[in-house]
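If you want the building blocks of each chain, they are given just below.
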Amino acid sequence: MPRVSRNDPCPCGSGKKYKNCCMRQDQISEARELSRSDLEAFVLNALIQYAQVPRFEQETADAFHFYWGGVYDLNGLKEVAAEDIRRTIEWLIYDRRLRDGHRMINLFIEDKMSDLPPEAQMLLEAWSHSIMGLFRVVRLDGIRLALYDCLREGELEVSSAFLARVARIGDLLIGRQFELDGEQRLSPMTMLLPGDYEPDLVAYVTNAYGLYRDQHPEASWNEFLRESGHIFSAFLLSFKSESLRRLIGPGTRFRDPAVSRDRLHAFTTQRALEQQQEAREAERARPLEHRTSSGIILPGQTQAEPADQKESEPAKPIILVPGRDT
C-alpha cells in the first residue's frame, strides 16, 4: 500500500488532509509496532492464534458483543481500527472468564506453554498476572516513566521506550501493569488519553468498584480490575464521556474507540437493511402456490377446472377449507 503524504486526503474518508486527521495516531501505531520486541510479537501472535481456534468461536463472538456494548454483525470488524481489535482480544485473553470459569491465557499455559522457549515462558507467565490500571504520567526520564496510580493512589516507575517516546507529562495511560526481570512494565496495547479525562474516569470506575464491593465486601482494587478489565472501555463508549470526545479522535494524538463503535454500528444497520431487502426480493421471486382440495400447498401445481366450465370462461377463484370441501 503506497504511503500517504501529509497533504493527501486522509484514507479514513473524512475529507480532511491526512496531517489534520489520522496522521498522528498512525505514527503512534507505527511506533508501537516498531518498539515491540521479537519475543513479545512471537508470544502475542501465539495467543491471538489460540483465541481464534473453533473451540472458542462462540466465546469470542460473545466477548466482542459485550466489550463493544451491543449485538453487531462481526463481519463489520473490518471497519474497526486494528488497535481497538487488539485491545479487545487482549481483554478477552487475559480477563474474560469463559463459560467454564477459566481464563483463556490460563488454558493456553496448560495447553501450549511447554512448547515455548524459556524466555517466552517467562514473558507469558508475567503477562498472565497483569492487571489493568489507570496512570498519570508525572515524569519522563529516558525510557523510564514516573507514574501516579489514579485508582490505588500510589506511585510507580515503569520502563517503556515506546511510551517514553509518545507520552507527555499529564497524559493518562490505560494499560496492563506487570513485572518482568525485576521491572514494572505496561502492556503493548496501553492506551493514551488526555489528562482532562481523569476526574470523570476515576469517578466512573470508583463507582463501579463500590457496586462490586457490595457483592464482594473484601475485594481489593486488584481483584475488581481483574474481573472488570473492560470498565475503561465501557466508560469511553458511554454517554458519560460524550462531552470529552472533542479532545480525542482524528487530529489528535489520542484514539477514540467510539469511532470504531460507530462504524461497527453503521455496518450492522446497513447489513440488516440489505438482508431485509434480499428477503423481500426472494419472496417476490417465489413461484405461485396453489392448494389441493385438501388445502395442502403444492408449489407450481395448477388447480383443475370443473368439467362443465366453458373454455372461454375464466377460472373462478376458490378457497378450499379442509374438512368442508373434501
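Since the model is a prediction, treat every value here as computed from it, not as a measurement. (Residues numbered from 1 in each chain as written. Predicted model: local features only at pLDDT ≥ 70, side-chain atom pairs only at ≥ 80, totals over all residues. Heavy atoms only, no water.)

Visitor: Is there a simple way to explain helix α4 (residues 82-94) in this structure?
Guide: An α-helix turns once every 3.6 residues. As a result, residues three or four positions apart point the same way. Look at α4: 18 Å from first C-alpha to last across 13 residues, which is about the 18 Å you get at 1.5 Å a residue. The element α4 is largely enclosed, with a buried count of eleven among its 13 residues. Residues E83, D84, I85, R87, T88, I89, E90, W91, L92, I93 and Y94 constitute the buried set of α4. (Helix = DSSP H or I, 4+ residues; strand = E, 2+ residues; numbered from the N terminus. Expected span 1.5 Å × (residues − 1). Buried < 20%, exposed > 50% of the residue type's maximum accessible area, 1.4 Å probe, protein only.)

Visitor: Please clarify how the environment of M189 should be interpreted in this entry.
Guide: You can see M189 is positioned in the loop between β5 (183-186) and β6 (191-193). M189 sits 102 residues away from R87 along the chain, and the two C-alpha atoms are 6.2 Å apart. What M189 contacts, discounting residues up to four positions off in sequence, is R32, R36, E83, R86, R87, E90 and I174. (Contact = heavy atoms within 4.5 Å.)

Visitor: Sorry, what's going on with the side chain of R36 here?
Guide: Along the chain, the position of R36 falls in the loop between α1 (23-35) and α2 (38-51). The buried category is assigned to R36, whose relative accessible area is 13%. With residues up to four places along the chain from it excluded, the contact list for R36 reads A41, L44, R86, P188 and M189.

Visitor: Where do I start with the packing of aromatic side chains in this structure?
Guide: For any two aromatic rings, the description comes down to two numbers: the centre-to-centre distance and the angle of the planes. Within the structure shown, the criterion is met by twelve aromatic pairs. Here a set of aromatic residues connected by ring pairs shows up, and it is made of F66, Y67, W68 and W91. Stacked on the ring of F66, the Lys or Arg R96 has its end atom at 5.2 Å from the ring centre. (Phe/Tyr/Trp six-rings, centres within 6.5 Å; stacked < 30°, edge-to-face > 60°. Lys NZ or Arg CZ within 6 Å of the ring centre and 35° of its normal.)

Visitor: Could you clarify how one ought to interpret the nonpolar core in this entry?
Guide: Across soluble globular proteins, nonpolar side chains have a tendency to be buried as a group. Counting residues in each nonpolar core, the largest one holds 43 residues, and the members touching the most others are L134, L145, L147, L173, L193 and F232. Ranked by residues supplied to this core, first place goes to helix α8 (residues 198-215) with six residues. Contact partners of L193, with chain neighbours within four places excluded, come to D171, L172, I174, L201, L236, I248 and F254. (Core = buried A, V, L, I, M, F, W, Y, C linked by side-chain atoms within 4.5 Å.)

Visitor: How do you make sense of the packing of helix α3 (residues 57-68) against α4 when you look at a structure like this?
Guide: Describing two packed helices takes the angle between their axes plus the distance from one axis to the other. Following both chains from N to C, one finds α3 and α4 inclined at 115 degrees, their axes separated by 10 Å at the closest point. Considering their axes alone, α3 and α4 lie roughly perpendicular with respect to each other. For α3 against α4, the interelement crossing comes out right-handed. Residues T60, A63, F64, F66, Y67 and W68 of α3 touch α4, and the partners they reach there are D84, I85, R87, T88, I89, W91 and L92. (Axes fitted to C-alpha atoms, helices over the stretch in contact; angles between N-to-C directions. Parallel < 35°, antiparallel > 145°, perpendicular 65-115°, else oblique. Left-handed = near helix turned anticlockwise from the far one by under 90°.)

Visitor: Help me out: how do you make sense of the pattern of salt bridges in this one?
Guide: Where side chains of opposite charge bring their charged atoms close, a pairing between them can arise. Counted under the stated rule, the structure contains 26 salt bridges. A salt bridge links R152 to D149; the shortest N-O distance between them is 2.8 Å. Connected through salt bridges with shared partners, the residues R32, E83, D84, R87 and R255 form a single ionic network. (Salt bridge = Lys/Arg side-chain N within 4 Å of Asp/Glu carboxyl O.)

Visitor: Please explain the pairing of strand β4 (residues 172-180) as it appears in this structure.
Guide: Two faces, one strand: in a regular strand the side chains alternate between the faces of the sheet. Across the nine residues that make up β4, a large majority, eight, are buried. Relative to β4, strand β1 (residues 131-141) runs antiparallel, the two being bridged by six bridges. When the sheet's bridge partners are listed, M132 is paired in β4 with R176. Relative to β6, β4 is paired through three bridges, and the arrangement is antiparallel. Bridged to L173 within β6 is L192. (Pairing = 2+ DSSP bridges.)

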